[in-house]
Structure formats: C-alpha cells, structure tokens
Amino acid sequence: MPDFHALLQTKEYEFLRTNPRLGKRILLLGLGGSYAYGTDNAGSDIDFRGITLNLPSDLLGLTEFEQYEDEGTDTVIYSFNKMVGLLLECNPNTCEILGLEEEQYLILNPLGRELLENKGIFLSKRAAKSFGGYASAQLRRLQNAIARDRMPQQEREQHIFRSVQNALEDFNRRYAPFVKGEIRIYIDKAENPALETEIFVDANYRHLPLRDYEHMWAVMHNVVRDYDKIGKRNRKKDDNHLNKHAMHLIRLFMMAIDILERGEIRTRRRVEAFVESVNRRALEV
C-alpha cells in the first residue's frame, strides 16, 4: 500500500499547497477510485478527491469556481457550493467522497469533519434514481460486450437501439419540461454497405439551447462509442474491463441499498463482507 501522506508532500502535489483556492481552504481530501473501494491491486492508479471552500468573491458573484482538476495526478477537488448541489442529487461520484473510512482521509479540517458528521442530511430516495442510472450504464457496457461477441449484426443493432432508447428515456426524465421539439430513433435497411440494418434518427427542434442539444447527442454517442470499443481491445484486457464494469455495477447497487435502508454511505467494500452481503441479497430475492 503506498504511503499517501508522503506522496502528497512531493513536488507533483505542490499545487495542493500553493494554489490560492486550495491550501488551507481544503475541507477534506481523500482516496478515490479502486483505493477508495478496496479493489486496488499492484497496477492501480492513485486518485484523490476532495472539497474546498469557495472564495468570498464567488459568493458575491464576482468570480465563478466549480472544481479544480489536475490531470497529471488525477486529482479532482470540488468547490463546497458545487458539492452541496451534487450531494442533494445523491450523485454517486460525490456521495462516495463522504463515505470513506477514517484512515482514507488525508486532509480533514474541522469544517470537513462537521460535513462528515452531517452527511445524512443529503441522503434521500433520489439515490434509487441516481445510483440506478449509473449502474444501468455499467450494465449496458456489459450487455454491449456480450452482444458484440455472440449476436448476428441485425440483433446487435437491435441491442444498440434498445440501449440508446433507455439512455434517451433517462434524458427525458431529467428534462421533463422539454418541449422544444422531438427526436425519433428507429431501425431500417442500412445505407452503410457494411451493415444489413442500422439505426436512424429523425430530429426536429426549434430554439433548443446548444448545451442541451450537446448533452442529448452525447448520451446517444456514448452508448454507440462504448459498444464500438468492445472488441477493438485484446481479449485479456477486454475481460479485465468487463470484470471492472461488473464490479462497479454491484458496488453501486449495494451503496444505494445502504443509503436507502440504513441512511449511511459506505464506499469501501471489504471482500468478505461484500460477498456475504451479495449472497444474502440473492437469497432474499
């Protein structure tokens, strides 16, 4: 196990001490990714996630700040204001930051401690939808892989079609008052000579905000992109990715159950307890 405290003192992480939005303004900083979940191995990347206070100028509307990202170290630190908004939505990527074990926090000041002690105020039934949405995305990746490996082209196209439909339904739920137009997807005889059938889109919009359009397009694009990636990797690497998707799928469901039934966030999943919990759930079903 790496010495994370020593790692933070290296030049690579100097931005944590020198950036005016970080330093002593950081409420908490903890592990992210596989080291947070307890699924790390010798080749695991090191990710850090945290929260920092907004500047007074942010609160007055003179400046804007949502998060600080350092790609070199895969560190993401959210502003307190943005974090609260995401927590109220039971966003899985941010909820897990408040569910670490004590030793997994590398920076924790009194305000950060107070936030942890009051994290229950952010938990609600919204977890069923938010965690379920993320889990569904992992499930689609698994299904897409199986579809590519085992199904004829026409059946694979049907599978992608259903996946895109599910993604669009989730988009429509999030944008309920969406009345700027309509989109219809369907399968027909392929124009692409390499395919027998393919998915087509009919879209009709007026006065649609560009960012909403971009988001809707990204929803569909990500499904097709993830599908097309499967099979372009070597089989061993591909199987590792699929196992990772399966693990995240189960982890997300178990975290949602903890929130809904126990009112607690548990990010780390110890293997023995995890297997026992999954088996118990299987017997209940």
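Residues numbered from 1 in each chain as written. Predicted model: local features only at pLDDT ≥ 70, side-chain atom pairs only at ≥ 80, totals over all residues. Heavy atoms only, no water.

Under an unreviewed UniProt entry, the name given to the chain is Nucleotidyltransferase domain-containing protein, and the organism recorded is Candidatus Enterocloster excrementipullorum.

**Observations regarding a nonpolar patch on the surface**
On the surface, Leu210, Tyr213 and Trp217 cluster together into a nonpolar patch covering about 380 Å² of accessible area. Relative to the assigned elements, Leu210 resides in helix H10 (residues 210-229). (Patch = residues over 30% accessible without salt bridge, like charges linked within 9 Å, V, L, I, M, F, W, Y side chains within 5 Å. Areas by Shrake-Rupley, 256 points an atom, 1.4 Å probe, with all protein chains shown as cover. Salt bridge = Lys/Arg side-chain N within 4 Å of Asp/Glu carboxyl O. Helix = DSSP H or I, 4+ residues; strand = E, 2+ residues; numbered from the N terminus.)

**A closer look at the packing of aromatic side chains**
On inspection of all chains with the given rule, the structure shows six aromatic pairs. Look at Phe4 and Tyr35: their rings are 5.3 Å apart centre to centre, the planes differ by 80°, and that puts the pair in the edge-to-face class. Note that Phe4 is positioned in helix H1 (residues 4-8) and Tyr35 in helix H3 (residues 33-37), a separation of 31 residues in sequence. Neither residue differs from the other here; Phe4 and Tyr35 are each classed as buried. Taking 5.5 Å as the distance between ring centres and 20° as the angle between the ring planes, the aromatic pair formed by Phe15 and Tyr68 counts as stacked. Taken together, the residues Phe15 in helix H2 (residues 15-18) and Tyr68 in strand E3 (residues 67-70) connect sequence positions 53 residues apart. The pair formed by Phe15 and Tyr68 is uniform in burial state, with each residue classed as buried. (Phe/Tyr/Trp six-rings, centres within 6.5 Å; stacked < 30°, edge-to-face > 60°. Buried < 20%, exposed > 50% of the residue type's maximum accessible area, 1.4 Å probe, protein only.)

**Thoughts on unusual backbone geometry**
Its identity is not glycine, yet Cys90 carries a phi of approximately 55°, on the positive side. If you trace the backbone, Cys90 turns up in the loop between helix H5 (80-88) and helix H6 (92-95). A relative accessible area of 0% places Cys90 in the buried class.

**Details of the sheet that holds strand E1 (residues 26-32)**
The five strands lie next to each other as E3-E4-E2-E1-E5, forming an open sheet whose pairing is mixed. Edge positions in the sheet fall to E3 and strand E5 (105-108), since each has one partner strand and no second. With strand direction ignored, the average angle separating the axes of adjacent strands in the sheet is 15°. Sitting on the sheet, H5 touches E1, strand E2 (47-52), E3 and strand E4 (75-79), and the angle it makes with E4 is about 90°. (Pairing = 2+ DSSP bridges. Axes fitted to C-alpha atoms, helices over the stretch in contact; angles between N-to-C directions. Contact = heavy atoms within 4.5 Å.)

**Some words on the state of the cysteines**
Inspection of every chain in the model, using the stated rule, returns zero disulfides. For Cys90, which is in no disulfide, the shortest distance to another cysteine sulfur is to Cys95 and amounts to 4.9 Å. A relative accessible area of 0% places Cys95 in the buried class. (Disulfide = S-S within 2.5 Å.)

**Some words on the pattern of salt bridges**
One pass over the structure, following the stated rule, counts 13 salt bridges. We note a salt bridge from Arg126 to Glu89, for which the minimum N-O separation is 3.2 Å. In this pair, Arg126 is assigned in helix H8 (residues 126-150) and Glu89 in the loop between H5 and H6, connecting sequence segments 37 residues apart. Relative accessible area serves as the criterion here: at 46%, Arg126 is assigned to the partly exposed category. Asp258 is paired through a salt bridge with Arg262; the nearest N and O atoms lie 2.5 Å apart. Placement of both Asp258 and Arg262 in helix H11 (residues 235-262) is noted, with a separation of four residues, approximately one turn of the helix.

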